[in-house]
Amino acid sequence: MAPPRTRAGRFAYQAPPVVNKLIAVVVLVLVALRLDIDQGVTAGAVACVALFPVWFPVLRQYSGARLFLLGGVVAIGSGIWLTVLSAPTHDASLGQAFGAIAGLVGLLAGVGFVLWARTVLPDSQIAIWYGAGILLGVSPSSELYAENPWRFGYSVALTILLLGITLQLRRRWLELAVALLLTVVATLTDARSTFAFMLLTTLLVAWQMRPTRPTRGKSALRALLGLGVLGLIVFNVIQALILDGALGVATQQRSLAQLEETGSLILGGRPELTATIALMQHQPWGFGVGTAPNPQDILAAKTGMAYINYDPNNGYVENYMFGGHIELHSIIGDFWAAFGIPGLLFALIILVLIVRSIGVHVASNTASAVLLFLGIKAVWFMFFGPFFSSSVLLVLVLGLLITRKVPAETDAALRPTFRATRDPGRR
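Everything quoted here is computed from the prediction, not taken from an experiment.

Caption draft 1: How the structure looks around the overall build of the protein. A tally of regular secondary structure across the protein gives 20 helices and two strands. Counted over contacts in the protein with a minimum sequence separation of 6, partners at least 24 positions apart contribute 75%.

Caption draft 2: Structural context of the packing of aromatic side chains. A full pass over the atoms with the stated rule returns 12 aromatic pairs. Both rings, one in Phe113 and one in Trp116, keep their centres 5.3 Å apart while their planes meet at 45 degrees; by these two values the pair is tilted. One end of the pair, Phe113, and the other, Trp116, are both in helix 5 (residues 94–117), three residues apart, so they sit about a helical turn from each other. Residue Phe113 is classed as buried on the basis of its relative accessible area, which comes to 1%. By relative accessible area, which is 7% here, Trp116 ends up buried. Centre to centre, the rings of Phe197 and Trp380 are 6.0 Å apart; their planes meet at 65 degrees, and the pair counts as edge-to-face. Placement of Phe197 in helix 10 (residues 192–208) and of Trp380 in helix 18 (residues 369–384) is noted, with a sequence separation of 183 residues between them. Exposure remark for Phe197: the relative accessible area of 5% places this residue in the buried category. For Trp380, a relative accessible area of 24% gives the class partly exposed. Following the ring pairs from residue to residue traces out a cluster consisting of Phe68, Phe335, Phe339, Phe346 and Phe387.

Caption draft 3: Inspection of the nonpolar core at higher detail. Core analysis: the largest hydrophobic core is formed by 92 residues, its most contacted members being Leu107, Phe335, Ile350 and Leu398. The element contributing the most residues to this core is helix 17 (residues 331–363), with 15 residues. Beyond its immediate chain neighbours, meaning those up to four positions away, Phe335 contacts Leu104, Leu107, Gly340, Gly343, Leu344, Phe346, Ala347, Ile350 and Phe387. Residues Leu279, Ala301, Met321 and Ala337 belong to the second largest nonpolar core, which totals 15 residues.

Caption draft 4: Up close: the confidence of the model for the protein. Residue-level pLDDT values for the protein average 85, and 84% of them are 70 or greater. The secondary structure element of the protein with the lowest average pLDDT is helix 20 (residues 414–419), at 41, and the one with the highest is helix 4 (residues 65–86), at 97. The low-confidence segment residues 1–13, where pLDDT is below 50, has nine contacts with residues more than four positions distant or belonging to other chains. Contacts of residues 408–427 to residues separated by more than four positions or lying in other chains number 44 contacts, the stretch itself having pLDDT below 50.

Caption draft 5: Representation of the environment of Val74 within the structure. Locating Val74 in the fold gives a position in helix 4. Assessed through its relative accessible area of 44%, Val74 is described here as partly exposed. Each C-alpha atom of the pair Val74 and Pro342 lies 6.8 Å from the other, and the pair is 268 residues apart in sequence.

Definitions and cut-offs
Residues numbered from 1 in each chain as written. Predicted model: local features only at pLDDT ≥ 70, side-chain atom pairs only at ≥ 80, totals over all residues. Heavy atoms only, no water. Helix = DSSP H or I, 4+ residues; strand = E, 2+ residues; numbered from the N terminus. Contact = heavy atoms within 4.5 Å. Phe/Tyr/Trp six-rings, centres within 6.5 Å; stacked < 30°, edge-to-face > 60°. Buried < 20%, exposed > 50% of the residue type's maximum accessible area, 1.4 Å probe, protein only. Core = buried A, V, L, I, M, F, W, Y, C linked by side-chain atoms within 4.5 Å. pLDDT = per-residue confidence, 0-100.

The structure is reproduced here in structure tokens:
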């Protein structure tokens, strides 16, 4: 049989399905492993960039994928321009600038590759292999690992891996059981945010097991409003449990101290948010890639943090947040600081893609536990997680959550799983 012809009339080579699957598995594991080459460049990112001709054509099959890519490219250009614009008043590091650009290029190429991988592998297997890659990349030598191996080592990897396996097995009751088990584990390992993510995931999985099918009038917007209300309820319940000591004495004491200091668990745990707001008021257009803050910038940020009674005169603020660079501990904040207004808009595009997809899946009762966990965690990272440590997970989240315009066979693994709990007699 002759190979298929392209529009230009030339013969195009298509790799055998087994080869495509092998490429998908190897690169997924490589991306998740995050093997650093130099200056923020990883082996997985290099592989995804090299495979650009493979994944770029499939972007048109996904809603918002090309807008996502375009937004990222524009943000990179804006970041470079802002660095030049800030040069008279700010120092800049070429290495920091290269690392920031490499990180964003890696995100764009990684998401594109995962979207292509969905055309040759079921979503469940993508989650399994990616989770395995993260697990292989756990470093027992880190200080945080020694402090809490589950929370800072195996938690995310095993959660993705186990929930991916339950999706592959197509059993809702098993998804619920594993999600509930992981929720209990979070309560025993001093992981407040993970406990909240897993509790919300468990509740939503249980909700979709009710013996009914979604009505035609039910919309993604209504589902998102319901999720917002449920999120507020879960937050208040968890806060009450923490303050009562249900999650342990250490968690209780840390939370009480944060409440007494700032009046809020969120602001007490993430005071960087107030620094971000203060800097946006101080210099609305951003700073540029690799740009270091000057004394006026640091003073503005510290003033914002002091407004909530947080003492900013410490090593964390001086060294981690503003030690020759700007780190605002949120994807939205980091993108704004490095890439300016286009970076902020790009972050909002990412947020809309994630939230919209969650709403669509929940409204149609097709949201798996692994997608819910990843989506909820990603939304949290957008506001309270640094891009560098969040980028590996963000590749998987966007790659799995960006909606396909015309569902393919490989995506069908999701749907039978979730419809099995409905009444087969109803039509």
